[in-house]
Amino acid sequence: GDKKLFGNGVRMEAAASVQDDAKPFNVERVSTTPIQGQATGTSGLRKRVKIFEQAPFLHNWIQSLFNTLDDMGQLKGSTLVVGGDGRYWNDEATQLIVRLAAANGVSKLLLGVNGIISTPAISAIIRGRKITGGIILTASHNPGGPDADFGIKFNASNGGPAPEKLTDSILKHTLNITHYNIAEIPTLSLAVAGKQYKWGDAFSVEVIDGVQEYLDLLSRQVFDFLAIRTFLTTHAAQFKIRLDAMHGVTGPYLQRIFHEELGLPQESLLRANPLPDFGGGHPDPNLTYAKTLVDELSTGNYQFGAAFDGDGDRNMILGSRFFVNPSDSLAIIADHAVAVIPYFRDGLNAIARSMPTGAALDRVAAAKGIKLYEVPTGWKYFGNIMDHFGRNVICGEESFGTGSDHIREKDGIWAVLSWLSILAYHNKDRKAGEPLVGVEDVARAHWKKYGRHFFSRYDYEEVSSEGAQAMMANSRLGVNPQMYTRFVSSSRTPNTSRP
């Protein structure tokens with residue numbers, strides 16, 4: 001059923017609302033054995049819900065994470081944020097993590113209302129509060145429900161996905177685990193932001209509003225909300241918008257940011273209530289699974305549309321009867337960033353794309369003299385570049401992910417606010433009722449200036465890892481390395497660098 005969330009009118013308790021169980025909790029040391037298949041990929045560990053439900057699958061992985069943090073001297077006295085996209089089994093996993101964290105020396109957990117926080121917001125909270133890291137419960141754009149997928153990943157103290165050194169250590173511990181520690185703690189109510197639970201000085205839990213800190217970052221440090229709101233309200237009659245949360249975690253964020261802060265009417269928000277099974281849909285923002293939105297933008301009645309995936313880090317941008325592919329979207333945002341987004345007013349230090357992403361970004365980098373990086377698939381590789389430069393870096397990938405160094409995750413809402421900033425800039429001198437520069441106009445102007453790069457993505461779903469790896473191994477057997485080297489050398493632009 002629908003979750004009672006922290007959208008319009010967050011329910012808060014006074015700071016004094018603290019439940020303090022002064023007596024220590026009991027900790028049980030439970031024997032266990034290694035479970036195969038717990039390797040963490042580029043986007044965490046994803047399996048069927050039915051696998052996660054089988055104890056001690058999650059117990060072993062979380063204990064292995066804590067063992068890794070202990071090896072690094074980061075466990076005892078640590079503060080971690082925990083949140084998920086609200087998919088099926090999110091509640092049970094959150095409560096289990098509380099018990100495992102308490103038993104292993106974590107000092108404090110920050111939990112989202114009803115255990116829900118978007119992936120970009122978790123990154124913002126880690127960085128803003130300067131805490132140890134965060135545990136994210138999501139399988140991203142994969143379907144949810146008892147017969148679908150669940151996932152988990154750890155973000156480090158920089159707010160980004162765990163580096164390979166850390167995930168390799170987690171895997172090593174999963175293969176050698178002999179026990180896990182778990183505390184006797186009752187199920188906690190996470191319904192109200194501000195609620196706190198304490199067990200003396202040993203351990204505490206705070207329920208937080210997962211939207212506010214993320215909203216503060218975007219509105220106070222990154223974007224000109226006044227310019228965006230002025231554009232949207234001035235041209236409300238002729239510039240109609242549809243934003244589709246696809247029953248994922250972004251629903252409450254759309255409510256607070258676009259409705260309450262930027263003045264969009266409530267009817268601009270589609271499927272904005274998070275559901276454990278995403279309403280039976282597939283929360284992947286593309287032309288196939290966001291068909292409801294695509295159909296509405298195809299009528300010509302709406303001038304801007306966007307869709308978001310389950311955990312809020314991916315996006316799709318649409319204009320009236322017009323689709324912006326992710327490679328073009330990245331290049332257009334990078335081209336406009338300094339002029340339209342206050343965060344970048346001092347210029348861009350670098351821009352980056354994943355290897356499979358189209359080369360539209362390369363042309364922007366060459367024309368503007370900006371350092372360009374190409375990285376393997378996986379957002380953590382962008383994190384290396386962001387951490388190196390510290391500020392003013394924009395990154396993106398062909399899988400509908402775009403973002404910047406304001407956090408260390410791709411960020412769907414950031415991409416939409418970037419596009420609205422671009423449109424506000426191009427229409428700043430237009431009066432109500434005058435013809436507007438639209439999404440298609442911006443894209444065609446970009447093609448005219450830089451040339452058009454054609455790009456297609458094909459998704460192969462429900463494919464086993466073993467089968468995919470075998471296919472790639474066979475394909476490599478047929479590749480002539482010398483021919484590949486000559487092709488790459490002749491096609492790469494001179495300013496492309498590798499980190």
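Residues numbered from 1 in each chain as written. Predicted model: local features only at pLDDT ≥ 70, side-chain atom pairs only at ≥ 80, totals over all residues. Heavy atoms only, no water.

### Description of the pairing of strand β16 (residues 350-354)
Within β16, five of the five residues are buried, which leaves the element mostly enclosed by the surrounding structure. What you see with β16 is no split at all: A350, A352 and S354 on one side and I351 and R353 on the other are buried throughout. Of the strand pairs in this sheet, β16 and strand β17 (residues 371-375) are connected by five bridges, and their pairing is parallel. Looking at β17, one finds that A350 is bridged to K371. A crossover links β16 with its parallel partner β17, the connecting element being helix α11 (residues 360-368), and its sense is right-handed. (Buried < 20%, exposed > 50% of the residue type's maximum accessible area, 1.4 Å probe, protein only. Helix = DSSP H or I, 4+ residues; strand = E, 2+ residues; numbered from the N terminus. Pairing = 2+ DSSP bridges. Right-handed = clockwise from strand over helix to strand, strands pointing away.)

### Structural notes on the environment of V30
For V30, the location among the structural elements is in strand β2 (residues 27-31). Remark: the alpha-carbon pair of V30 and V463, spanning 433 residues in sequence, is separated by 35 Å. Leave out the neighbours within four places in its chain, and V30 touches T178, H179, Y180 and I182. (Contact = heavy atoms within 4.5 Å.)

### Notes on the sheet that holds strand β14 (residues 315-319)
The strand order across the open sheet built from five strands is β12-β11-β13-β14-β15, with neighbouring strands paired in mixed fashion. Bordering the open sheet on either side are β12 (269-270) and β15 (322-324), each of which pairs with just one other strand. As paired elements, strand β13 (residues 304-308) and β14 share five bridges and run antiparallel to each other. The residue of β14 that forms the bridge with F308 is N315. In the packing of helix α13 (residues 412-426) onto the sheet, contacts are made with β11 (241-244), β13, β14 and β15, and the angle to β13 comes to roughly 170 degrees. (Axes fitted to C-alpha atoms, helices over the stretch in contact; angles between N-to-C directions.)

### Thoughts on the confidence of the model for the protein chain
For the protein chain, the average pLDDT comes to 91, and 91% of its residues sit at 70 or higher. Confidence drops under a pLDDT of 50 for residues 1-16, and excluding neighbours within four residues, the segment shows 43 contacts in the predicted structure. Predicted confidence is poor over residues 484-499, with pLDDT under 50, and the contacts of this stretch with residues over four places away or in other chains come to 23 contacts. (pLDDT = per-residue confidence, 0-100.)

### Digging into the pattern of salt bridges
Summed over all chains, the structure comprises 20 salt bridges. The partner of K153 in a salt bridge is E409, and the shortest N-O contact between them spans 2.9 Å. Taken as a pair, K153 in strand β7 (residues 149-155) and E409 in the loop between β19 (401-404) and α13 lie far apart in primary sequence, 256 residues in all. By relative accessible area, which is 9% here, K153 ends up buried. The buried category is assigned to E409, whose relative accessible area is 1%. E296 is the salt-bridge partner of R242, the closest N and O atoms lying 2.5 Å from each other. (Salt bridge = Lys/Arg side-chain N within 4 Å of Asp/Glu carboxyl O.)

### Examining the nonpolar core
Across soluble globular proteins, nonpolar side chains have a tendency to be buried as a group. Of all hydrophobic cores here, the largest spans 78 residues; its most connected members are L218, L243, I257, F258, F304 and I413. A per-element tally of this core places α13 first, with ten residues. Discounting chain neighbours no more than four positions away, the residues touching F258 are L243, Y253, G263, L264, I413, V416, L417 and L420. One finds L58, I97, L137 and V207 within the second-largest nonpolar core, a separate group that totals 49 residues. (Core = buried A, V, L, I, M, F, W, Y, C linked by side-chain atoms within 4.5 Å.)

### Notes on helix α10 (residues 326-340)
With 15 residues, α10 extends 19 Å from end C-alpha to end C-alpha; this agrees with the ideal 21 Å at 1.5 Å per step. Where α10 bends most, at A334, the angle is about 30 degrees. Among the 15 residues of α10, 13 are classified as buried, and the element is accordingly described as predominantly covered. Capping the start of α10 is the job of one residue whose side-chain oxygen sits 2.9 Å from the backbone nitrogen of S327: N325. (Expected span 1.5 Å × (residues − 1). Bend = angle between axes of the 7 residues up to and from the residue. Polar contact = N/O pair within 3.5 Å; in protein donor to acceptor, adjacent residues only side chain to side chain.)

### Some remarks on the side chain of D411
As for its position among the elements, D411 is in the loop between β19 and α13. A polar atom in the side chain of D411 sits 2.9 Å from the side chain of H406. Residues within four places of D411 in sequence aside, it is in contact with P120, Y214, G312, D313, T402, G403 and H406.

### Section: a nonpolar patch on the surface
Together, Y458, Y460 and V463 make up an exposed nonpolar region whose accessible area comes to about 440 Å². For V463, the location among the structural elements is in the loop between α14 (439-450) and α15 (465-477). Since its relative accessible area comes to 48%, V463 is described here as partly exposed. (Patch = residues over 30% accessible without salt bridge, like charges linked within 9 Å, V, L, I, M, F, W, Y side chains within 5 Å. Areas by Shrake-Rupley, 256 points an atom, 1.4 Å probe, with all protein chains shown as cover.)

### Quick notes on the packing of aromatic side chains
Per the stated rule, a full pass over the model turns up 14 aromatic pairs. Seen from their ring centres, F52 and F57 are 5.1 Å apart, and the 75 degrees between their planes marks the pair as edge-to-face. Both residues of the pair, F52 and F57, belong to the buried class. Taken together, a centroid distance of 5.4 Å and an interplanar angle of 85 degrees make the contact between W89 and F150 edge-to-face. (Phe/Tyr/Trp six-rings, centres within 6.5 Å; stacked < 30°, edge-to-face > 60°.)

### Regarding the packing of helix α7 (residues 225-234) against α13
Two elements in contact, α7 and α13, have axes separated by 9 Å at closest approach and are oriented at 65 degrees. Between α7 and α13, the angle falls in the class roughly perpendicular. Once α7 is placed against α13, the crossing between them reads as left-handed. When α7 is examined against α13, the residues F225, A227, I228, F231 and L232 are found in contact with a partner set consisting of L417, L420, S421, L423 and A424. Residues belonging to the contact of α7 with α13 are distributed by class as follows: nine nonpolar, one polar and no charged. (Parallel < 35°, antiparallel > 145°, perpendicular 65-115°, else oblique. Left-handed = near helix turned anticlockwise from the far one by under 90°. Nonpolar A, V, L, I, M, F, W, Y, C, P; charged D, E, K, R; others polar.)

### Details of the pairing of β7
β7 sits mainly inside the fold: seven of its seven residues count as buried. Covered by surrounding structure in β7 are D149, G151, K153 and N155 together with F150, I152 and F154, the residues of both alternating faces. Bridge count between strand β3 (residues 45-48) and β7: four bridges; the pairing is antiparallel. Opposite R46, over in β7, you have G151 as the bridge partner.

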